[in-house]
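Remarks on the overall topology
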Amino acid sequence: MDEDAPRPLRLANLDLNLLLSLRALLAERNVTRAAAVLGLSQPAVSAALARLRRHYRDDLLVRVGNRYELTPLALRLVERTESAVAGIEGVFSAAPDFDPASTTREFTLLVSDYATTVLGVPLAAALAERAPCARLSLRPHSPEDVVGGAARLRGVDGLVMPHGFLDDLPYLDLYADRWVLLASADNARVGARATLDDLAVLPWVTIYHRPTAFTPAALALRTLGIEPRAQVVVESFLPVPDLVAGTERVALVQSRLAARLAPGDGVRVLDPPFEVAPLLEALWWHPMYDTDPAHRWLRALLTEVVADLPAISDADGDPQPE
């Protein structure tokens, strides 16, 4: 038999407690700290690490100087392990009924920093009022979460993302938004209304800017034959105004984010000189949660929260229909 051939995986032969040890070791990168997190002795966690190394045929943790670092395989296991633990916790915390007043469940949502800004405070406040012992975990999503689709959503309660990226998954529409253009308050190259010629020559702050990761606004611009000259690329929305202020750079951000800017932030908010489809932010989840009582309660709570969000406005501050 080829010793390097993949071995068939038999869950019945696995000690699932090793999963908790693996998560702690990957997070702490230290046997002593992992033991403290788990409430176990250091020899017990060392023994678990030895078993994990035999299973994976990989060191997982390697000493570099006076610290330990994760091997390439261990780095790939970090997110999978978190999802697996969350999935197991979801299985064993399931109940025929759900009582928000007494639940200690953790609700985990994958969100952008933009969605956290819009939803985080009102959702956390509503959860604290209705389910005071529950916990809300807002984790940043990544392009890989979109590519992974349903598989990525098995271990979390949902992914907050606009329409246009996911298909064949249940969803709940949350709120509408629109794209606006940011330019520095002292950017003399942009007048009261930016033109397409301006956007073709000016430097940009772009979000993601990868073939498989883009914003709908950037895609709309490309359909007009304009490829933004990305001078700065970021993986989140919140730093964008600071990267525009005091420069010739421009950027496209969501209106609800731009509405939080103050006059002293040094940027102007303009309507884009081209048509961009409105954003419709939605909660997407794995079908296995369709009838879960706790998940249904969370969806109802989100519906109440978004109903109280302020209306969006155009660049001049006039209310816009949603």
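Residues numbered from 1 in each chain as written. Predicted model: local features only at pLDDT ≥ 70, side-chain atom pairs only at ≥ 80, totals over all residues. Heavy atoms only, no water.

1. Quick notes on unusual backbone geometry
Rules: What counts as a helix is a DSSP run of H or I of at least four residues, what counts as a strand is a run of E of at least two, and both are numbered from the N terminus. For every residue, the accessible area obtained with a 1.4 Å probe (protein chains only) is divided by the maximum for its type, and the residue is called buried under 20%, exposed over 50%, and partly exposed between those limits.
Although it is not a glycine, Arg-29 adopts a positive phi angle of roughly 55°. Mapped onto the fold, Arg-29 is located in the loop between helix 1 (17–28) and helix 2 (31–38). Despite not being glycine, Leu-60 has its phi angle at roughly 65°, a positive value. By relative accessible area, Leu-60 is classed as buried at 2%.

2. Some remarks on the packing of aromatic side chains
Note the following rule: Classification of ring pairs rests on two measures: the distance between centres of Phe, Tyr or Trp rings, Trp counted by its six-membered ring, which must be within 6.5 Å, and the angle between planes, read as stacked under 30 degrees, edge-to-face over 60 and tilted in between.
Here the structure, examined in full by the defined rule, presents seven aromatic pairs. Look at Phe-98 and Phe-107: their rings are 6.3 Å apart centre to centre, the planes differ by 80°, and that puts the pair in the edge-to-face class. When the centroid spacing of 6.1 Å and the interplanar angle of 65° are considered together, the rings of Tyr-114 and Phe-237 count as edge-to-face. Here Tyr-114, found in helix 5 (residues 113–130), pairs with Phe-237, found in the loop between strand 9 (229–234) and helix 10 (240–244); they are 123 residues apart in sequence, far enough to count as distant. In textbook terms, an aromatic cluster arises when at least three aromatic residues are bridged by ring pairs, as seen for Tyr-114, Tyr-175, Trp-179 and Phe-237.

3. A few points about the side chain of Ser-137
To keep things clear, this is the line we draw: Contact definition: two residues touch when any of their heavy atoms are within 4.5 Å.
With respect to the helices and strands, Ser-137 occurs in strand 4 (residues 135–140). Setting aside residues no more than four positions away along its own chain, Ser-137 makes contact with Glu-106, Phe-107, Thr-108 and Leu-109.

4. Section: the nonpolar core
Note the threshold: Working definition of a nonpolar core: buried Ala, Val, Leu, Ile, Met, Phe, Trp, Tyr and Cys residues. They are joined through side-chain atoms within 4.5 Å.
Counting residues in each nonpolar core, the largest one holds 59 residues, and the members touching the most others are Leu-119, Leu-174, Tyr-175, Leu-181, Val-240 and Val-250. Leave out the neighbours within four places in its chain, and Val-240 touches Leu-182, Val-205, Ile-207, Val-234, Ala-251 and Val-253. One finds Leu-18, Ala-48, Leu-52 and Leu-61 within the second-largest nonpolar core, a separate group that totals 18 residues.

5. Concerning the confidence of the model for the protein
Applied cut-off: Values of pLDDT, the confidence the predictor places in each residue, fall between 0 and 100.
Here the protein averages 85 in pLDDT, and 87% of its residues register 70 or above. Counted against residues more than four places away or in other chains, residues 1–6, with its pLDDT under 50, gives three contacts.

6. With respect to the environment of Leu-280
Note on placement: Leu-280 falls in strand 12 (residues 279–284). In this structure Leu-280 comes out as partly exposed when scored by relative accessible area, which is 33%. In the structure, Leu-280 is positioned 106 residues away from Leu-174 in sequence and 7.3 Å away in space, judged by C-alpha atoms.

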